[in-house]
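Structural characterization, general
Single-letter residue listing:
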Amino acid sequence: MSITLSSLILLPIWISMAQIQQGDPDEKEKTTALKDLLSRIDLDELMKKDEPPLDFPDTLEGFEYAFNEKGQLRHIKTGEPFVFNYREDLHRWNQKRYEALGEIITKYVYELLEKDCNLKKISIPVDATESEPKSFIFMSEDALTNPQKLMVLIHGSGVVRAGQWARRLIINEDLDSGTQIPFIKRAMDEGYGVIVLNPNENYIEVEKPKIHVPSSSDSSDEPAEKRERKDKVSKETKKRRDFYEKYRNPQREKEMMQLYIRENGSPEEHAVYVWDHFIAQSAAENVFFVAHSYGGLAFVELMIQREADVKSKVTAVALTDSVHNVWHQEAGKTIREWMRENCCNWVSSSEPLDTSVESMLPDCPRVSAGFIQTELYPHFMA
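Residues numbered from 1 in each chain as written. Predicted model: local features only at pLDDT ≥ 70, side-chain atom pairs only at ≥ 80, totals over all residues. Heavy atoms only, no water.

1. As for the side chain of Glu132
Heads up, the condition is: Helix and strand definitions here come from DSSP, where helices need a minimum of 4 consecutive H or I residues and strands a minimum of 2 consecutive E residues; each element is numbered from the N-terminal end. N or O atoms within 3.5 Å of each other form a polar contact, as long as, within protein, one can give a hydrogen and the other can take it, and as long as residues adjacent in sequence are counted only when both atoms are side-chain atoms. Any two residues whose heavy atoms approach within 4.5 Å at even a single point are treated as in contact.
On the secondary structure map, Glu132 appears in the loop between strand S3 (120-124) and strand S4 (135-139). Within the structure, the side chain of Glu132 is placed 2.9 Å from the backbone nitrogen of Thr129, a separation counted as a polar contact. With residues up to four places along the chain from it excluded, the contact list for Glu132 reads Pro125, Asp127 and Arg262.

2. Focus: the pattern of salt bridges
The line we're drawing: What counts as a salt bridge is simple: a side-chain nitrogen of Lys or Arg found within 4 Å of a carboxyl oxygen of Asp or Glu. With a 1.4 Å probe rolled over the protein chains alone, any residue whose accessible area is under 20% of its type maximum counts as buried; one over 50% counts as exposed, and the rest are partly exposed.
The full count for this structure, using the stated rule, is ten salt bridges. Between Glu307 and Lys311 there is a salt bridge whose closest N-O contact spans 2.6 Å. Within this pair, Glu307 and its partner Lys311 are both found in helix H11 (residues 307-313), separated by four residues, close to a single helical turn. Assessed through its relative accessible area of 30%, Lys311 is described here as partly exposed. What emerges from the salt-bridge pattern is a single network uniting Asp127, Glu132, Arg262 and Glu263.

3. Quick word on the environment of His75
Tracing the sequence through the fold places His75 in strand S2 (residues 73-75). What makes His75 buried here is its relative accessible area of 16%. Each C-alpha atom of the pair His75 and Leu60 lies 9.7 Å from the other, and the pair is 15 residues apart in sequence. Excluding its chain neighbours within four sequence positions, the residues that come into contact with His75 are Glu64, Tyr65 and Glu80. Of the polar contacts made by the side chain of His75, one reaches the side chain of Glu64; its length is 3.3 Å. At 3.1 Å, the side chain of His75 and the backbone nitrogen of Lys77 are in polar contact.

4. Some details on the pairing of strand S11 (residues 343-347)
Heads up, the condition is: Following DSSP output, two strands are said to pair if at least two bridges run between them.
Across the five residues that make up S11, a large majority, five, are buried. Burial along S11 is two-sided: the residues Cys343, Asn345 and Val347 and Cys344 and Trp346 are all buried. Pairing geometry for strand S10 (residues 314-320) and S11, over four bridges, is parallel. The residue of S11 that forms the bridge with Val317 is Cys343. Strand direction decides the pairing type here: S11 and strand S12 (residues 366-368), joined by three bridges, are parallel.

5. Some thoughts on the sheet that holds S3
Stated precisely, the cut-off is as follows: Here an angle of 0 to 180 degrees is reported between the N-to-C directions of two axes, which are lines fitted to C-alpha atoms, with helices fitted over the stretch in contact.
Taken in spatial order, the eight strands line up as S3-S4-S6-S5-S9-S10-S11-S12 in an open sheet, and their pairing is mixed. The open sheet is flanked by S3 and S12, the only strands paired with a single partner. For this sheet, the mean inter-axis angle between neighbouring strands, taken without regard to orientation, is 20°. The pairing of strand S5 (residues 149-154) with strand S9 (residues 286-292) spans six bridges and is classified as parallel. Following the sheet pairing, Lys149 is matched in S9 by Asn286. Across the face of the sheet, helix H10 (residues 294-305) comes into contact with S5, S9, S10 and S11 while running at roughly 140° to S9.

Below is the structure:
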């Protein structure tokens, strides 16, 4: 095991405590004091001192990875799958590296939706000004004009974005397992228009503006000597604060703030917005939904807010491991009755595929997905 700076700092304290605990009862006060000292040490912050810089590549090539002909992520030189523990004993750094790779993969999937699936990227809100935060969805050319049928895809919660079911599956398995691309291609082959929602893109992040604290020299009614003395104290205080900040946060991670996207600030809001501005305006006589995990909850919320419209346009809903709850969401009797007739929820079960699974909720039928790994449900339904 490697010796880190944090372990070198804490080792003398641990040794002292062990020596004191072996001594007389009179030494208990010292033990208490040392324990208090340990409780004041932020180990997470201390561990940052041992980290390499959080500077990661911004391309797959920079990470030395690429997707092969089977859609598997492999190292360019070794051909090996992705390795999470790139550096031993640096879990936080490894996690940041994984997240940086995940952001690149999100953009890669967006490119596939446009180039391989021939979908159009549509900015929302549709009436957004140039300066306000925006999100987007993806649609086939005939999504609004196809007179027969339209397929709508909604992913679950977390880091996934439009076109993905599970980032972990994309990285560790392949693109077909973790993305919506097989659904999209099959739907288009069978004559469906397609709309791909982006319910987790609810805000943009910007760096927090630095707050200007007026210096005491701005007060002109004070004597010059007093102002100079105050300025000197202020500079010394700032110097100490900067030194502490450098120790506390050596990686200098930026402090960010979130600017929410109008009418799309949550998955539920997003689903209603896309319904009102796109799905409800489509020519399709029959609309079909596929919703995974939290996407199922978002669909039920859409039903609650647009019940009559949804009933008149939606033919069937395939839910996969949906986390909706008709009681908590206060779905009315007529909604529950409609769901029993028009929805089906494939859930985690070791029973054979499509075997009925008992449910405590009086809504749609629940049937077995045929296996336990919930992230794979959509993939095997495609």
